[in-house]
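# Examining the three-dimensional arrangement
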Amino acid sequence: MNRRHARFVVACCVLLCGWAARPALPQQQQNAPPAPAQAGTPATAPGPQDVTSPRFNYGGNAAQLPAVFLRNLIFLPVRLNGGKPGLFELDSAAEKCAVDRKMAGDPPGDSMRYAVLALAGVQLPFVTLPVVSRDNFAQQVGQPYQGTLGRDFFDRVVVQVDYHRQTVQLYDPSAFTYTGQGKSFPLTFSGPVPLIRAKFEVPGHRSESADFAVDTALDSGVIFYRGFMDSQRISAAHFKSEPASFPEVDGGAKLFLGRLKEFQIGPYQLEDIVADFTQEKTQPGADKNIAGAIGANFLRRFTVIYDFPHQRVILEPNVQLNHDTDEDMSGLSIIAKGPNLKVFEVTAVQPGTPAARAGIVPGDVIAGIGDEAAADLTLSAVRDLFRQVGYQYKVLIDRKGQTITASLQMRRRI
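These notes cover the structure that comes with them. Just so it is clear, the model here is predicted, and its values are computed rather than measured.

## Topic: the sheet that holds strand β12 (residues 183–186)
Within the open sheet, the six strands sit side by side as β2-β11-β10-β23-β24-β12. Their pairing is antiparallel. Single-partner strands in this sheet number two, and they are β2 (62–65) and β12. Averaged over all pairs of adjacent strands, the angle between strand axes in this sheet comes to 20°, irrespective of strand direction. The pairing of strand β10 (residues 158–162) with strand β11 (residues 167–171) spans five bridges and is antiparallel. Bridge pairing in β11 links Asp-162 to Thr-167.

## A closer look at the pattern of salt bridges
In total, this model carries 15 salt bridges according to the counting rule given. The shortest N-O distance in the salt bridge between Arg-413 and Glu-242 comes to 3.9 Å. With Arg-413 in the segment after β30 (402–409) and Glu-242 in strand β17 (residues 241–244), this residue pair connects regions lying 171 residues apart in the sequence. Residue classification places Arg-413 among the buried residues on the basis of a relative accessible area of 6%. Glu-248 is the salt-bridge partner of Arg-383, the closest N and O atoms lying 3.7 Å from each other. With Arg-383 in helix α8 (residues 379–385) and Glu-248 in the loop between β17 and β18 (255–259), this residue pair connects regions lying 135 residues apart in the sequence. Among the residues examined, Arg-383 registers a relative accessible area of 15% and is labelled buried. The network of salt bridges with common partners includes Arg-71, Asp-219, Asp-384 and Arg-387.

## Considering the pairing of strand β7 (residues 111–119)
As defined by bridge partners, strand β4 (residues 73–80) adjoins β7 across two bridges and the pair is classed as antiparallel. Counted as the bridge partner of Leu-80 is Leu-117 from β7. The pairing of β7 with strand β8 (residues 122–132) spans eight bridges and is antiparallel. When the bridges of β8 are listed, Leu-119 appears paired with Val-122. Turn length for the β7-β8 hairpin, with the two strands adjacent in sequence and antiparallel, is two residues, and the turn residue Gly-121 shows positive phi of about 95°.

Cut-off values and rules
- Starting afresh in each chain, residues are numbered from 1 along the sequence in its written order.
- With the structure being a predicted model, the display of local features is reserved for residues of pLDDT at least 70 and the display and counting of side-chain atom pairs for 80 or more, all residues being used for whole-chain, interface and lining totals.
- Computation of side-chain values covers all heavy atoms of the structure but excludes hydrogens and water.
- What makes two strands pair is DSSP finding at least two bridges between them.
- Counting from the N terminus, the helices are the DSSP runs of H or I reaching at least four residues and the strands are the DSSP runs of E reaching at least two.
- In this analysis, axes come from line fits to C-alpha atoms, helices being fitted only over the stretch in contact, and the angle between any two N-to-C directions falls in the range 0 to 180 degrees.
- A pair is scored as a salt bridge if a Lys or Arg side-chain nitrogen falls within 4 Å of a carboxyl oxygen belonging to Asp or Glu.
- The buried label goes to any residue with under 20% of its type's maximum accessible area, the exposed label to any with over 50%, and the partly exposed label to all in between, with areas taken from a 1.4 Å probe on protein chains only.

Written out as C-alpha cells, the structure is:
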C-alpha cells in the first residue's frame, strides 16, 4: 500500500473512530445545548442570541482539533446534532456552512432548522443550516462530500492552521491575542470572499498589485482569473506556458500554466512559482478587479491564522516557504469513480506530454502504477506520483476491458 495512502486511511480511522468513542461529558461541563438522539432531527432550539457565540467546552476559549489533510486541503471531524462524525471541508471562500443531504438524514427542503455542529472541544449552533448535494465533489477530490465549514464558521472563531505540522486550533475571538513573529495583513471582503493584497510580476509585464481571494479549499497555489487578465491585457500566449486541465478547477476546463517572475505578500517574496491562468469567461457581475485566488498550495508555506472577526490574516513562514511544488508532469487529468473511489478515470490528456506520447487517451482507467494496484491508492496519491520530477512509471491501463502497459517519464512541463 502506498505510504501516503496508508497514513491517510489510518488518520481517518483514528480521528473518526477515536473521536466518536470519547465519553460524553455531563451537560454542565459541555456548556452546550442537548443534542437529539438521531442526526437530521432538530436539536433543542438555541435562541437566536446563541448563534453568534461558539461554545467551548469547560468554559474555555480554545480547542485543539483533530484534522485530516488531503494534500493541502483540510477536513475536520464534525458531529451534526449529536450524530456520527463526518469530515467537513474547511472552506474560507464558501458563503455558509452546509451539510450533505445524506448526512442530514435527507430532510425536506434546502435547510435544517436549529442545528448544532460539534467539533472536538467546541460547539456552534445554527438557526438554519443549508442542506446541499455536491455530486462532483467526490470525483474531483477523492473524498466523499459530507459538509462545509464556510464563512459563518470563520466569522465566529479564529482558525489557526499549521500546514507543516498539519494541526488546527480554534480560539474565541474575544479572548484571542497574537504574540508570534508572523506578519498581520488586513482582509477586505467581496461578498463572503476574503481578499488579500499581493504584488506580482508576469513575464513581459510590469510589476503590479491586486486583490486575491484567500481560498483554503483550492488545492492550487495561485490562480489568475480570465476577466482580470483580459482587463490588464495579460495573455498566456505572451510568455512561456503549457496547457493543462484540473477537474477541481473550473470543472476541468482548459487553463494554462506559467511561472511568475515574483509573487509577494508583504515581506514574503517568492520567485519563479507556477501559477494557473484560467480561460473560462468571467461570470456576469463578477468583480474584474479581483486578480485571482491564493490556494492551499501557496498557503502551505505558512502557519496561517484566519482572524475574520478582526478582518485580518496572520502569516508565519515555515520551512516550506521557498520550497517549490510542481504541478502535474504527466499531462493527465484524473477523477475518482466507483463505490470506493478506486476507479481512476482519465478525463483529458494534454498534447505533447508524457501521457500523450505513451498513447493514453481519455476514458482509460488507471489500474496500477509501478508495483501499486489501484485498490491500494487514493486519488490524491495518484496525483502525487505524477508530480515527481524525473520518475519513470510503468502504468497499467484498462481500456474497455483490455489491459495495456504504458511507460511514463515525468518531466517538468513549465
